[in-house]
Amino acid sequence: MLRKLIAGNWKMNTDRAGAVKLARAIADGAAKYSTVDLLVCPPFVNLVPVGEVVKGTKVALGAQNMYHEASGAFTGETSAAMLLDAGCSYVILGHSERRHILKETDADINKKTSAALAAGLIPIVCVGELLAEREAGQTTAVIRHQFEGSLAGVSAEQIEQTVIAYEPVWAIGTGKVATPQQAAEVHADLRKLLVDRYNSGSAEKVRILYGGSVKASNAGELLAQPNIDGALVGGASLNAEDFLGIAATGAAL
Ligand code: 13P
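Residues numbered from 1 in each chain as written. Predicted model: local features only at pLDDT ≥ 70, side-chain atom pairs only at ≥ 80, totals over all residues. Heavy atoms only, no water.

Novice: Teacher, can you tell me more about the overall build of the chain here?
Specialist: Check the secondary structure of the chain and you find 12 helices and eight strands. If one aligns the C-alpha atoms of the chain with their principal axes, the spans along those axes are about 45 × 45 × 35 Å. Counting every position in the chain, which comprises 253 residues, the buried fraction comes to 52%. Across the chain, every contact between residues at least 6 apart in sequence was considered, and the portion connecting residues at least 24 apart equals 72%. Surface summary for the chain: the accessible area is close to 10,900 Å², and the carbon and sulfur share equals 53%. Averaging the locations of the 23 positively and 26 negatively charged side chains of the chain gives two centres separated by 3 Å. (Helix = DSSP H or I, 4+ residues; strand = E, 2+ residues; numbered from the N terminus. Buried < 20%, exposed > 50% of the residue type's maximum accessible area, 1.4 Å probe, protein only. Contact = heavy atoms within 4.5 Å. Areas by Shrake-Rupley, 256 points an atom, 1.4 Å probe, with all protein chains shown as cover. Lys, Arg positive; Asp, Glu negative; His and termini not counted. Charge placed at Lys NZ, Arg CZ, Asp CG, Glu CD.)

Shown next as structure tokens:
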């Protein structure tokens, strides 16, 4: 079994003082969960102060987005090298809010994924279907399309350094969590896509996270499913006790 990764996506929440306080509480509580990996992804402007808090602890730092170019005249954008310099080891790419609100395409996400891997950042590449797509029986096709588009050109060696997150859009921030069976089905499809594209050795090294209304109360059932190798947590990651409760669940499995 892969080591579980419990990742907090803070989205556009927390001011600097709040981010530092949250990170400190998570880092203080994290030490006892030695069998899981923990990650926090604060907003860009809070990466450095949060990085100072989590440095030397078991909590890793990640960003919520990046741009694929290395440097230059790209007003408002942030490169992989800048994120590494700020202390990040992970970056979330292709989150559904970026796909649907900010209109990022699979091609955009693919360029970012390649740039992150080339720079030595671990990308967490997100995929997930809309409610209408699920209801129309298109979930498998949508996930395959996003997988192929977002991960085009990624080598077997690189995929082993990549995390995939399945986040059904209808479960994000809605309190409507996917059932463990619904999540496990898509995770199994993703594992098969990895085996078919690469090989079983590489496919088995890729952590596939579930995201969408994960809480301490439902994490146990989800994380116990085959092919669910961790959680990408939104709302519940903004409260240290709740986030650590999910970490505790993952650590106990
Ligand atoms: P919630 O946990 O708030 O549903 O958000 C999930 C998510 O989008 C994590 O990236």
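Next comes the rest of the description.
Novice: Mind showing me how you'd approach helix H12 (residues 240-252) here?
Specialist: A turn of α-helix holds 3.6 residues, and therefore any two residues three or four places apart point the same way. For H12, built from 13 residues, the straight-helix expectation of 18 Å at 1.5 Å per residue is met to within 8% by its first-to-last C-alpha distance of 18 Å. Those residues of H12 not exposed but buried are Ala240, Phe243, Leu244, Ile246, Ala247, Thr249, Gly250 and Ala251. Next to the buried residues of H12 lie strand E1 (5-9), helix H1 (16-30), strand E2 (37-41), helix H11 (216-223) and strand E8 (230-233). The residue sitting at the N-terminus of H12 and contributing the capping side-chain oxygen is Asn239; that oxygen lies 3.0 Å from the backbone nitrogen of Glu241. (Expected span 1.5 Å × (residues − 1). Polar contact = N/O pair within 3.5 Å; in protein donor to acceptor, adjacent residues only side chain to side chain.)

Novice: Looking at this model, I keep getting lost on the pattern of salt bridges. Mind explaining?
Specialist: If the charged atoms of two oppositely charged side chains come close together, the side chains can form a pair. Throughout the structure, instances matching the rule amount to 10 salt bridges. Among the salt bridges present, the one from Asp106 reaches Arg99, with a minimum N-O distance of 2.7 Å. On the accessibility criterion, Arg99 (10% relative accessible area) is buried. Notably, a salt bridge pairs Lys112 with Glu104, separated by 2.8 Å at the nearest N-O pair. (Salt bridge = Lys/Arg side-chain N within 4 Å of Asp/Glu carboxyl O.)

Novice: Teacher, can you tell me more about the packing of aromatic side chains here?
Specialist: For any two aromatic rings, the description comes down to two numbers: the centre-to-centre distance and the angle of the planes. The tally for this structure, following the rule as stated, stands at two aromatic pairs. Here Tyr67 and Phe74 contribute two aromatic rings whose centre-to-centre distance is 5.2 Å and whose plane-to-plane angle is 45 degrees, an arrangement assigned as tilted. (Phe/Tyr/Trp six-rings, centres within 6.5 Å; stacked < 30°, edge-to-face > 60°.)

Novice: Any chance you could explain the side chain of Asn110 here in plain terms?
Specialist: Here Asn110 shows up in helix H5 (residues 106-119). Overall, the relative accessible area of 15% leaves Asn110 in the buried class. Setting aside residues up to four positions removed in sequence, Asn110 forms contacts with Gly149, Ser150, Leu151 and Ala152.

Novice: Mind showing me how you'd approach the site of the ligand here?
Specialist: As a structural note, the neighbourhood of the ligand is formed by 13 residues, with Lys11, His95, Gly173, Ser213 and Gly235 the closest of them. Separating an oxygen atom of the ligand from a side-chain N or O atom of Lys11 is a distance of 2.8 Å. Contacts to the ligand include Ser213, whose backbone N or O atom sits 2.8 Å from an oxygen atom. Expressed as a share of its isolated accessible area of 310 Å², the protein-covered part of the ligand is 94%. The class makeup of the residues in the shell around the ligand is four nonpolar, seven polar and two charged. (Near = heavy atom within 4 Å. Nonpolar A, V, L, I, M, F, W, Y, C, P; charged D, E, K, R; others polar.)

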